[in-house]
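Okay, here's what each chain looks like letter by letter:
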Amino acid sequence: MQIHILYGTETGNAEMLAEDISDHLSEHAPEVTNLEDFDPADFDTGTFYLVVTSTYGDGELPASAQPFAEKMASQAPDLSGIRFAVFGMGDSEYPETFNFGGKRLEEMLTGAGAELVGERVTHDASGSDMADDLALPWVDALLAEGVA
Amino acid sequence: MTSIAIVGAGPSGCYTAQALAKALPDARIDLIDRLPVPYGLIRYGVAPDHQGTKAVIRQFERLFTRNDVAFFGNVTLGADLTLEDLRASHEAVVLATGLHTDRRLGIAGEDLPGVIGSGVVTRGWNDYPDAERPQIGPRVVIVGNGNVAVDLLRILAKAPAEFDGSDFAPESGAALMAAGVTRIDVVGRSGAGMAKFDPVMLRELGRLAQASLHVHGATGEGKVIEALQAIDVHRPEGATREVHFHFGWTPEDIEGRACVEAVRFRASNGEGALHLPCDTVLTAIGFDGETAQADGDGRIAEGLYATGWYRRGPRGTIPENRADAQAVAARIAADLAQATSDKPGRAALTAGLPEAVGYDGWRRIDAAECAACPPDRARRKIATRAEMLTLARQSEDR
């Protein structure tokens with residue numbers, strides 16, 4: 001099954017992580033797309049989606065995910081049969097809105113009928129772990145469960 | 001090979017290098033900074049207790065380790081090399097030098113001891129090389145209604161344990177405790193609805209362990225006002241500091257004989273006066289300085305470009321400067337597509353700048369800062385240029 005990594009970024013941290021996941025999965029030859037360049041009409045049931053997103057401002061989606069959110073709202077697509085997983089990036093210095101970006105995208109996709117696989121995982125920018133150290137084992141675990 | 005020099009290794013310079021390295025994978029990029037260390041305002045402007053915001057540095061480290069990007073620190077344009085030299089040696093030169101000077105209030109008493117610009121305070125608290133630690137008294141007035149004002153007040157209001165995980169120097173923490181701040185007034189010229197605070201940074205204040213928060217005159221609607229109203233109830237038991245927010249007051253003059261004694265404000269619309277006795281005034285009303293005469297894409301002249309605050313003025317946070325850097329880099333890439341590339345580039349810098357600190361030198365400084373780090377801190381910054389240079393020049397085999 002094809003793997004497609006979609007990322008929403010504001011400062012570039014989520015973009016870098018998306019590229020690292022892509023390098024890690026090179027034998028699956030995943031596609032990597034900035035959410036601002038992705039149209040909900042292009043979701044495909046033969047593909048597994050890895051969504052990587054930060055949170056920005058007051059718990060909002062990062063800038064590059066906002067055009068996607070607008071298209072989701074205006075197109076209201078039926079995403080039944082679409083499977084995805086979400087890796088969020090947050091900063092616990094702002095606990096009230098920690099990882100709202102990942103939460104919002106998850107709710108947006110499940111609300112349209114897509115199926116979340118596994119649990120949403122969140123990296124904390126103020127913690128001591130590197131995002132890769134959390135994200136790459138998470139991806140490996142998803143693949144071990146046979147998602148793609 | 002195309003050679004590009006970027007002057008200023010702060011966030012705008014680094015994002016420009018990142019975008020250029022993607023657009024022109026064969027280009028060789030040299031990042032020049034007057035400090036022996038890279039990352040500019042990420043290291044010296046972002047507050048020491050906002051380590052998550054500093055995480056973008058991990059992107060920039062890759063420029064030096066994975067792309068053909070070199071660091072030339074401890075190099076001052078105009079002293080160690082001229083702009084003409086640089087334009088002669090590189091196909092494109094990008095000025096990402098930022099703006100450094102605190103904007104002045106332009107009122108009487110501004111030069112009294114005890115009146116300090118936010119840039120001076122921030123450099124002191126961030127261990128900018130050879131910067132002095134600011135002298136703070138128990139009663140502080142902060143003039144300004146943006147995120148810099150919030151950073152200043154948050155650091156003044158924190159208890160020692162609230163700096164855990166930061167890179168705030170223990171000496172700076174001790175100096176603040178000795179100052180014994182009891183009251184902080186934050187005063188803005190415009191109404192609360194126009195204040196430039198980030199709501200999320202206001203809400204962060206609602207977790208301060210020892211400061212009570214009092215908001216005056218925040219009526220109306222909007223996210224900032226909602227956040228102000230939400231924190232107005234923050235009254236932790238045993239609070240030792242009071243923070244007061246005031247809106248719609250224009251500073252009139254700063255009173256005092258040998259040093260600051262009070263600030264007088266008048267109502268921005270209409271009648272009324274506010275008189276705040278104090279011994280420290282921190283101004284956080286923005287930065288000033290010459291900006292580039294560049295076109296909309298950041299082009300100043302053939303092969304010469306500007307980006308970041310130096311191009312647009314002192315507005316915008318890290319993501320806005322990233323977007324700006326990407327736009328300028330796209331323009332440079334388009335212009336260079338037609339250019340011939342036969343200039344000496346990095347070889348000219350290496351030959352002409354024997355005192356420059358390279359990325360390996362910075363790595364030695366970085367390692368020393370991490371090794372000397374107390375358990376409750378993220379890092380212990382080296383605070384003098386002399387010590388940085390000594391560390392940078394230690395040979396690996398010692």
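Given the structure is predicted, the values throughout are model-derived calculations rather than measurements. All residue numbers refer to positions counted from 1 along the written sequence of the respective chain. As they are written, the chains are lettered A onward and the ligands numbered 1 onward, keeping that order. Given that the model is predicted, a residue must reach a pLDDT of at least 70 before its local features are reported, and side-chain atom pairs must reach 80 or more before they are shown or counted; all residues, however, enter totals for whole chains, interfaces and linings. As a rule here, side-chain values come from all non-hydrogen atoms in the structure, and water together with hydrogens is ignored.

1. Quick word on the overall build of chain B
Piece 1. In this description a helix means any DSSP run of H or I spanning at least four residues, a strand means any run of E spanning at least two, and both kinds are numbered starting from the N terminus. Across its full length, chain B holds 14 helices and 17 strands.
Piece 2. We compute the radius of gyration over the C-alpha atoms and compare it with the globule rule, which gives 2.2 Å times the number of residues raised to the power 0.38. What you see for chain B is a C-alpha radius of gyration of 23 Å, in line with the 21 Å of a compact globule of 398 residues.
Piece 3. On the principal axes, the C-alpha backbone points of chain B span a range of 65 × 50 × 40 Å.
Piece 4. Between buried and exposed lies partly exposed: a residue is buried under 20% and exposed over 50% of the maximum accessible area for its type, with that area taken using a 1.4 Å probe on protein chains only. Classification of the 398 residues of chain B by burial places 54% in the buried group.

2. Some thoughts on the overall build of chain A
Piece 1. Regarding its fold elements, chain A presents 4 helices and 6 strands.
Piece 2. Against the globule reference of 15 Å for 148 residues, chain A gives a C-alpha radius of gyration of 14 Å, in line with a compact fold.
Piece 3. C-alpha atoms of chain A, sized along the principal axes, occupy 40 × 35 × 25 Å.
Piece 4. Within the span of chain A, comprising 148 residues, buried residues form 53% of the whole.
Piece 5. The long-range fraction of contacts in chain A, counting pairs at least 24 apart against all pairs at least 6 apart in sequence, stands at 84%.
Piece 6. Surface exposure here means Shrake-Rupley accessible area, sampled with a 1.4 Å probe, where a residue is shielded only by the protein chains that are shown. Accessible surface computed for chain A: about 6,100 Å², of which carbon and sulfur atoms make up 47%.
Piece 7. Distance between charge centres in chain A, computed from 5 positive and 29 negative side chains, equals 9 Å. Any two residues whose heavy atoms approach within 4.5 Å are treated as being in contact. Working convention for charge: Lys and Arg count positive, Asp and Glu count negative, and His plus the chain ends are omitted. By convention, the point assigned to a charge is CZ for Arg, NZ for Lys, CD for Glu and CG for Asp.

3. Some points on the sheet that holds strand 9 (residues 211-216) of chain B
All names here are of chain B.
Piece 1. Two strands are said to pair when DSSP picks up at least two bridges between them. Across the sheet, 6 strands lie side by side as 6-14-7-8-10-9; this open sheet has parallel pairing. The open sheet is flanked by strand 6 (115-117) and strand 9, the only strands paired with a single partner. Averaged over all adjacent pairs, the angle separating strand axes in this sheet is 20°, with direction ignored.
Piece 2. Pairing of strand 7 (residues 139-143) with strand 14 (residues 280-283) involves 4 bridges; the strand directions are parallel. By the bridge assignment, V140 is partnered in strand 14 with T280. Note on geometry: axes are lines fitted to C-alpha atoms, helical ones only across the stretch in contact, with angles between N-to-C directions running from 0 to 180 degrees.

4. Regarding the packing of aromatic side chains
Residues and elements named next belong to chain B.
Piece 1. Planes of paired rings set the category: under 30 degrees apart is stacked, over 60 is edge-to-face and the rest tilted, where pairs are Phe, Tyr or Trp rings (Trp by its six-membered ring) whose centres lie within 6.5 Å. Per the stated rule, a full pass over the model turns up 18 aromatic pairs over all chains.
Piece 2. Aromatic pair Y44 and Y128: ring centres 5.0 Å apart, planes at 70°, arrangement edge-to-face. Here the residue Y44 occupies a position in helix 2 (residues 40-44), and Y128 occupies one in the loop between helix 5 (118-125) and strand 7, the gap between them amounting to 84 residues. Y128 shares its class with Y44; the two are buried.
Piece 3. Look at F197 and F245: their rings are 5.9 Å apart centre to centre, the planes differ by 80°, and that puts the pair in the edge-to-face class.

5. A word on the environment of T2(B)
All names here are of chain B.
Piece 1. As for its position among the elements, T2 is in the segment before strand 1 (3-7).
Piece 2. For T2, a relative accessible area of 17% puts it in the buried group.
Piece 3. Residues T2 and V187, spaced 185 residues apart in sequence, show a C-alpha to C-alpha distance of 50 Å.
Piece 4. For T2, the residues in contact, after removing those within four places along its chain, are A27, R28, E91, L336 and S341.

6. Some remarks on the layout of surface pockets
Which parts of space are left empty comes out when a probe the size of a water molecule is rolled across the atoms.
Residue and element names in this part refer to chain B.
Piece 1. Grid spacing is 1 Å over the protein atoms alone, the probe is 1.4 Å, and a cavity is where that probe fits but cannot get out, while a pocket is an open set with protein on both sides within 12 Å along at least five of seven lines and lining residues have an atom within 4 Å of a point. Grid points are joined across faces, edges and corners, and a volume is the space filled by probe spheres set on the points. Approximately 890 Å³ is the volume found for the second largest pocket.
Piece 2. We call Asp, Glu, Lys and Arg charged. Ala, Val, Leu, Ile, Met, Phe, Trp, Tyr, Cys and Pro are nonpolar, and the rest, Gly among them, are polar. A breakdown of the residues in the lining of the second largest pocket according to their chemical character gives 10 nonpolar, 6 polar and 16 charged.
Piece 3. Taken domain by domain, the makeup of the lining of the second largest pocket includes at least three residues from each of domain 1 (3-100 + 289-393) and domain 2 (104-286). Residue ranges for the domains trace back to a domain assignment, done automatically or taken from a database.

7. Some points on the interface of chain B and chain A
Piece 1. In this assembly, 23 residues from chain B lie in contact with 23 residues from chain A.
Piece 2. Considering only the surface of chain B that becomes buried against chain A, R58(B), V200(B) and R322(B) emerge as the three largest contributors, covering 26% of it.
Piece 3. For this document, the term salt bridge refers to a Lys or Arg side-chain nitrogen within 4 Å of an Asp or Glu carboxyl oxygen. Our count for the contact surface shared by chain B and chain A stands at 7 salt bridges.
Piece 4. A salt bridge links R322(B) to E15(A); its shortest N-O distance comes to 2.8 Å. A 1.4 Å probe defines the accessible area here, and the buried area is the portion of it lost by two parts on being joined, summed over both.

8. Looking at unusual backbone geometry
With glycine set apart, most residues show a phi of negative sign, and most peptide bonds adopt trans.
Piece 1. The backbone of A76(A) shows a phi angle near 40°, a positive value even though the residue is not glycine.
Piece 2. Position of A76(A) relative to the elements: it lies in the loop between helix 2 (66-75) and strand 4 (83-90).
Piece 3. Taking the relative accessible area as the measure of exposure, A76(A) reaches 59% and is therefore exposed.
Piece 4. Backbone geometry at Y39(B) places phi at a positive 90°, although glycine is not the residue there.

9. Regarding the packing of helix 13 (residues 359-371) of chain B against helix 14 (residues 385-393) of chain B
All names here are of chain B.
Piece 1. Their axes nearest at 7 Å, the elements helix 13 and helix 14 cross at an angle of 110°. In terms of axis orientation, helix 13 runs roughly perpendicular to helix 14. For the element pair helix 13 and helix 14, the recorded crossing hand is right-handed. Residue-level contacts link G361, R364, I365 and A368 of helix 13 to M388, L391 and A392 of helix 14. Each angle receives one of four descriptions, namely roughly parallel if under 35 degrees, roughly antiparallel if over 145, roughly perpendicular if within 65 to 115, and oblique otherwise. Whether a crossing is left-handed or right-handed is set by the direction in which the near helix is turned from the far one by less than a right angle, anticlockwise for left-handed and clockwise for right-handed.

10. With respect to the UniProt feature "domain: Flavodoxin-like" (unreviewed entry) in chain A
Piece 1. UniProt positions are given in the numbering used here, feature names are shortened, and annotations may be inferred rather than shown by experiment. Annotation from UniProt places "domain: Flavodoxin-like" (unreviewed entry) at residues 3-143 of chain A.
Piece 2. Overall, residues 3-143 of chain A shows 33% helix and 22% strand. The separation of its end C-alpha atoms is 10 Å.

11. Here's the deal with the pattern of salt bridges
Residues and elements named next belong to chain B.
Piece 1. If you walk through the whole model with that rule in mind, you get 39 salt bridges over all chains.
Piece 2. Between R183 and E242 there is a salt bridge, with its nearest N and O atoms 3.8 Å apart. Placement of R183 in strand 8 (residues 183-188) and of E242 in strand 10 (residues 241-247) is noted, with a sequence separation of 59 residues between them.
Piece 3. Assessed through its relative accessible area of 21%, R183 is described here as partly exposed.
Piece 4. For E355, the salt bridge goes to R393, with nearest N and O atoms at 3.4 Å.

12. A look at the sheet that holds strand 16 (residues 299-301) of chain B
Residue and element names in this part refer to chain B.
Piece 1. The 6 strands are arranged 3-2-1-4-17-16 in an open sheet whose pairing can be described as mixed. Looking at the sheet topology across the chains shown, the edges are occupied by strand 3 (69-72) and strand 16. Along the sheet, successive strands turn relative to each other by an average axial angle of 25°, direction set aside.
Piece 2. Inspection of the sheet shows strand 16 paired to strand 17 (residues 304-306) by 2 bridges, in the antiparallel sense. When the sheet's bridge partners are listed, A301 is paired in strand 17 with L304.
Piece 3. Contacts between helix 1 (residues 11-23) and the sheet are confined to strand 1, strand 2 (28-32) and strand 4 (92-95), with strand 2 contributing the most and set at about 180° to the helix.

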